[in-house]
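Read off the chains here:
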Amino acid sequence: MERTQHSGRQQSATARRRRELLEAAERIVLRDGPDASMNAIAAEAGITKPILYRHFGDKGGLYRALALRHTDALLANLATALDAPVLRRDRVEATLDAYLLAIESQPQVYRFLMHPSDEDAGPENGFDVGRHSAPLLRRLGEELAKVITDRLDLGPGGELTARVWGHGIVGMMHGAGDWWLRERPCSREELVKQLADLLWGQLAAVKDREDGPGF
C-alpha cells in the first residue's frame, strides 16, 4: 500500500514538473517563436539541457507535447463555437473564427508549430516539421469529422463524406489562415465571411441528424 502511494506521489510530481517545463517552453516560444531553442527553454525553467531532454527526449518530443497542449485547447474552443445556441450559419462562422483567433492571438506559437527556424527545418538536424505538423492537422480533421458524423444526416456513405469534409475544412482553414496571417490582406471578419460563403452550399442543404445535437 505504501509503495502504491509512493508511486502515485512520484507520478504526480513528474506530471507537475512536466507541466511546469511546458509552461516555461511556452514563455520562450511566445518570445522567440520558431527560433525558440532548447538552451533558452532550459534556462527559463532553471534546469540544464540534459534534464530537459530527460523529460522530452529531444526537440521533436517537446514539439509534440506543445502541439498536443495547444490542439486540445483549440478543439475545446471549436467545440464551444459549435455548441453555441445560434443559427447554423452563425455556428459555421464562429467555428472558423475560433481557429483564426487562435493563430492570430498567439502567432509565435503557431509559427513554432508550423514554421520552424531554418536551422531546425531539415531532417538531417533530427527535426522534420512536416513529420510532426501533419499528425496535428490530421487529428483536427478526424475530430471535426466526428462532429459532422454526430450532427449531420449525410445518408449512405455518410462516414466517408464526414471525413472528406472534416479534412477538407481543416485544410482550408490551415491554408487560408497561414496565408492571411502572413499577408493580412483583409480583416479576420472578412476572411471568416468569405470562407463561410465557400462552405455554405453543402452545409445549408444537409439536415441535422434526428438524434444529434445539431450543426
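Residues numbered from 1 in each chain as written. Predicted model: local features only at pLDDT ≥ 70, side-chain atom pairs only at ≥ 80, totals over all residues. Heavy atoms only, no water.

A.B. asks: I tried to follow the overall build of the chain on my own but got confused; where do I start?
C.D. replies: Counting its regular elements, the chain contains 10 helices and two strands. Listed N to C, the secondary structure of the chain is α-α-α-α-α-α-α-α-β-α-α-β in terms of helices and strands. Each of the 215 residues in the chain was classed as buried or not, and the buried ones make up 41%. With an accessible surface of roughly 11900 Å², the chain has 52% of that area assigned to carbon and sulfur atoms. (Helix = DSSP H or I, 4+ residues; strand = E, 2+ residues; numbered from the N terminus. Buried < 20%, exposed > 50% of the residue type's maximum accessible area, 1.4 Å probe, protein only. Areas by Shrake-Rupley, 256 points an atom, 1.4 Å probe, with all protein chains shown as cover.)

A.B. asks: What exactly am I supposed to notice about the packing of aromatic side chains here?
C.D. replies: Given two aromatic rings, one states the distance between the centres and the angle between the planes to describe the pair. Here the structure, examined in full by the defined rule, presents one aromatic pair. Ring geometry for Y63 and F112: centres 6.1 Å apart, planes at 35°, overall tilted. Of this pair, Y63 sits in helix 4 (residues 59-82) while F112 is found in helix 6 (residues 107-114), placing the two residues 49 residues apart along the sequence. Of the two residues, Y63 and F112, both sit in the buried class. Of note, R89 hangs over the ring of W200, and the distance from its end group to the ring centre comes to 5.8 Å. A cation over an aromatic ring shows up here: R184 above the ring of W180, its NZ or CZ 4.6 Å from the ring centre. (Phe/Tyr/Trp six-rings, centres within 6.5 Å; stacked < 30°, edge-to-face > 60°. Lys NZ or Arg CZ within 6 Å of the ring centre and 35° of its normal.)

A.B. asks: What is the right way to read the pattern of salt bridges from this model?
C.D. replies: When the charged atoms of two side chains with opposite charge come close together, those side chains can pair. All chains considered together, the criterion is met by 18 salt bridges. Between E44 and R27 there is a salt bridge, and its shortest N-O distance comes to 2.7 Å. Taken together, the residues E44 in helix 2 (residues 38-45) and R27 in helix 1 (residues 2-32) connect sequence positions 17 residues apart. For the salt bridge of R182 with D178, the shortest nitrogen-to-oxygen distance reads 3.4 Å. Taken together, the residues R182 and D178, both in helix 9 (residues 158-183) and four residues apart, mark about one turn of the helix. Given a relative accessible area of 59%, R182 falls into the exposed group. Connected through shared salt-bridge partners, R89, E93, K193 and D197 make up one network. (Salt bridge = Lys/Arg side-chain N within 4 Å of Asp/Glu carboxyl O.)

A.B. asks: I tried to follow unusual backbone geometry on my own but got confused; where do I start?
C.D. replies: Glycine aside, the phi torsion of most residues is negative, and most peptide linkages are trans. In this structure, R184 takes a positive phi of about 45° despite not being glycine. With respect to the helices and strands, the residue R184 is situated in the loop between helix 9 and helix 10 (188-205).

A.B. asks: What is the right way to read the side chain of R188 from this model?
C.D. replies: Its location among the elements puts R188 in helix 10. Judged by its relative accessible area of 15%, R188 is buried.

A.B. asks: Looking at this structure, how should I read the packing of helix 4 against helix 6?
C.D. replies: Where helix 4 meets helix 6, the closest approach of the two axes is 10 Å, and the angle between their N-to-C directions is 130°. When the axes of helix 4 and helix 6 are compared, the pair comes out oblique. Seen along the crossing, helix 4 lies across helix 6 with a hand that is left-handed. Contacts between helix 4 and helix 6 pair K59, Y63, L66, A67 and H70 from the former with V109, F112 and L113 from the latter. Tallied by class, the residues present in the contact of helix 4 with helix 6 amount to six nonpolar, one polar and one charged. (Axes fitted to C-alpha atoms, helices over the stretch in contact; angles between N-to-C directions. Parallel < 35°, antiparallel > 145°, perpendicular 65-115°, else oblique. Left-handed = near helix turned anticlockwise from the far one by under 90°. Contact = heavy atoms within 4.5 Å. Nonpolar A, V, L, I, M, F, W, Y, C, P; charged D, E, K, R; others polar.)

A.B. asks: In this structure, what is going on with the packing of helix 6 against helix 9? I would like to understand it.
C.D. replies: In a packed pair of helices, the relevant descriptors are the angle between the two axes and the axis-to-axis distance. The interhelical angle for the contact between helix 6 and helix 9, taken along N-to-C directions, is 120°, at an axis separation of 12 Å. When the axis of helix 6 is compared with that of helix 9, the two are oblique. For the pair helix 6 and helix 9, the sense of crossing is left-handed. Residues P107, Y110, R111 and M114 of helix 6 touch helix 9, and the partners they reach there are H174, D178 and L181. Of the residues contributing to the contact of helix 6 with helix 9, the split by class is four nonpolar, one polar and two charged.

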